[in-house]
Amino acid sequence: MDTTRWKSILVPREMYDEVRAIASIENRAISGQLRTIFEAWKNESLNEDDKALVKVTASELRQSETAA
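Let us look at the structure shown here. Positions within a chain are numbered from 1, following the residues in the order the chain's sequence is written. Owing to the predicted nature of the model, reporting of local features is limited to residues with pLDDT of at least 70; listing and counting of side-chain atom pairs is limited to 80 or more, with chain, interface and lining totals taken over all residues. Excluding hydrogens and water, the side-chain figures rest on all heavy atoms present in the structure.

1. Some remarks on the overall build of the protein chain
The condition that has to hold: Think of it this way: any DSSP run of H or I at least four residues long counts as a helix, any run of E at least two long counts as a strand, and we number them from the N terminus. Buried, partly exposed and exposed residues are distinguished by accessible area as a fraction of the type maximum, computed with a 1.4 Å probe on protein chains only: under 20%, between the cut-offs, and over 50%, respectively.
Counting its secondary structure elements, the protein chain contains three helices and zero strands. The secondary structure elements of the protein chain, listed N-terminal to C-terminal, are α-α-α. Principal-axis analysis of the C-alpha atoms places the extent of the protein chain at approximately 40 × 35 × 20 Å. Within the protein chain, the fraction of its 68 residues that count as buried is 9%.

In structure tokens:
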């Protein structure tokens, strides 16, 4: 797996099964369903300052990984 583009995450089996079922209902891949859920959560839960902080922090994490 190209870890510069993709990462694995561990979730409880029950959550995986539900996400998989929802993805099937909505005709999406599991990864597409997770992106949809995550984007909806960000838009509902974070204000613009929080979103900016997340963007900066994620960028810093990526830079530190490539430097290592």
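2. So, the pattern of salt bridges
For clarity, the cut-off: Just to be clear on terms, a salt bridge is a Lys or Arg side-chain nitrogen sitting within 4 Å of an Asp or Glu carboxyl oxygen.
Counting across every chain of the model gives four salt bridges. Across the pair Arg28 and Glu26 runs a salt bridge, and its minimum N-O distance is 2.2 Å. Classification of Arg28 by relative accessible area gives partly exposed; the value is 35%. Since its relative accessible area comes to 40%, Glu26 is described here as partly exposed.

3. Section: unusual backbone geometry
Here Asn27, not a glycine, exhibits a phi torsion of approximately 55°, which is positive. By the secondary structure assignment, Asn27 is in the loop between α1 (13-25) and α2 (30-45).

4. Some thoughts on the layout of surface pockets
Quick note on the threshold: Cavities and pockets are defined on a 1 Å grid built over the protein atoms alone: a cavity is a set of grid points where a 1.4 Å probe fits but cannot escape, while a pocket is an open set with protein on both sides within 12 Å along at least five of seven lines, and lining residues are those with an atom within 4 Å of any such point. Grid points are joined across faces, edges and corners, and a volume is the space filled by probe spheres set on the points.
In this structure, the largest pocket occupies an estimated 900 Å³ of space. Among the secondary structure elements, those contributing two or more residues to the lining of the largest pocket are α1, α2 and α3 (48-67).

5. Brief notes about the packing of aromatic side chains
Where we set the bar: Centres within 6.5 Å make a pair out of two Phe, Tyr or Trp rings, where for Trp the six-membered ring is used; the pair is then stacked when the planes are under 30 degrees apart, edge-to-face when over 60, and tilted otherwise.
Tallied over the entire structure, the rule returns one aromatic pair. Each ring, one from Phe38 and one from Trp41, has its centre 6.2 Å from the other, and the planes form 20°; the classification is stacked. With a gap of three residues between them, Phe38 and Trp41 both fall in helix α2, about one helical turn apart. On the accessibility criterion, Phe38 (43% relative accessible area) is partly exposed.

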